[in-house]
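Take a look at the letters that make up each chain.
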Amino acid sequence: MRGVNLIAYISVYHTANELEILNLGVASEERRRGFGRCLLETTLRVERKMGIEKAQLEVRESNHAAICLYQSCGFSKVGIRAHYYSDFGEDALIYACHFCSGSGSPGIIHAKNYCCKLENV
Ligand SMILES: CC(C)(COP(=O)(O)OP(=O)(O)OC[C@H]1O[C@@H](n2cnc3c(N)ncnc32)[C@H](O)[C@@H]1OP(=O)(O)O)[C@@H](O)C(=O)NCCC(=O)NCCS
């Protein structure tokens, strides 16, 4: 589509009561402005309403920015996939977030003003 710049995207896979976060990206010139957190938190909020009890993802062990984001959204390291990435053989860290059943809230910690626009998605 012409005239439209993609700022951020998230790609997820939903099975039964679990969510796999496949990828999350923010355009390099738009980073550190809250878009990554907004997308992740909004996705978790919507998916939580749909009944997921757990979200999981893999991240390169060198990806400090993404790891900080996931940890600040309630994810914890649950495992390692050794030499997972074929380019440099880097390990993948497995992060997961479990939600309390019936809480109605995904345990999202931070809510910023810009999330208000999306919270009814
Ligand atoms: C990871 C990524 C999605 C973060 O998006 P973002 O919009 O820049 O992140 P936000 O501005 O919402 O920041 C949210 C939190 O992430 C962490 N964070 C983001 N960038 C960081 C950096 N460069 N260094 C350290 N922490 C960082 C911080 O904890 C931050 O919270 P704070 O602003 O209160 O300190 C973005 O850096 C990106 O697209 N990276 C390339 C693609 C990628 O690695 N995707 C993840 C694949 S698993």
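Structure shown above.
The text that follows walks through the structure, step by step, so that each part is easy to find. (Residues numbered from 1 in each chain as written. Predicted model: local features only at pLDDT ≥ 70, side-chain atom pairs only at ≥ 80, totals over all residues.)

1. A word on the site of the ligand
For the ligand, the set of nearby residues contains 19 residues, the closest of which are Arg 31, Gly 36, Arg 37, Ala 65 and Leu 69. Breaking the shell around the ligand down by element, the ones donating at least two residues are strand E2 (18–26), helix H1 (35–49) and helix H2 (64–72). Looking at the shell around the ligand, the element that brings in the most residues is H2, giving six residues. For the shell around the ligand, the residue count by class is eight nonpolar, seven polar and four charged. (Near = placed C-beta within 6 Å. Helix = DSSP H or I, 4+ residues; strand = E, 2+ residues; numbered from the N terminus. Nonpolar A, V, L, I, M, F, W, Y, C, P; charged D, E, K, R; others polar.)

2. Focus: the sheet that holds strand E4 (residues 76–81)
Reading across from one edge, E1-E2-E3-E5-E4 is the order of the five strands in this open sheet, with mixed pairing throughout. Here the strands that pair on one side only, and so sit at the sheet edges, are strand E1 (8–15) and E4. Strand after strand, the sheet turns through a mean of 25° between neighbouring axes, direction not considered. Contacting E1, E2 and strand E3 (54–60), H1 runs over the sheet at an angle of about 25° to E1. (Pairing = 2+ DSSP bridges. Axes fitted to C-alpha atoms, helices over the stretch in contact; angles between N-to-C directions. Contact = placed C-beta atoms within 7 Å.)

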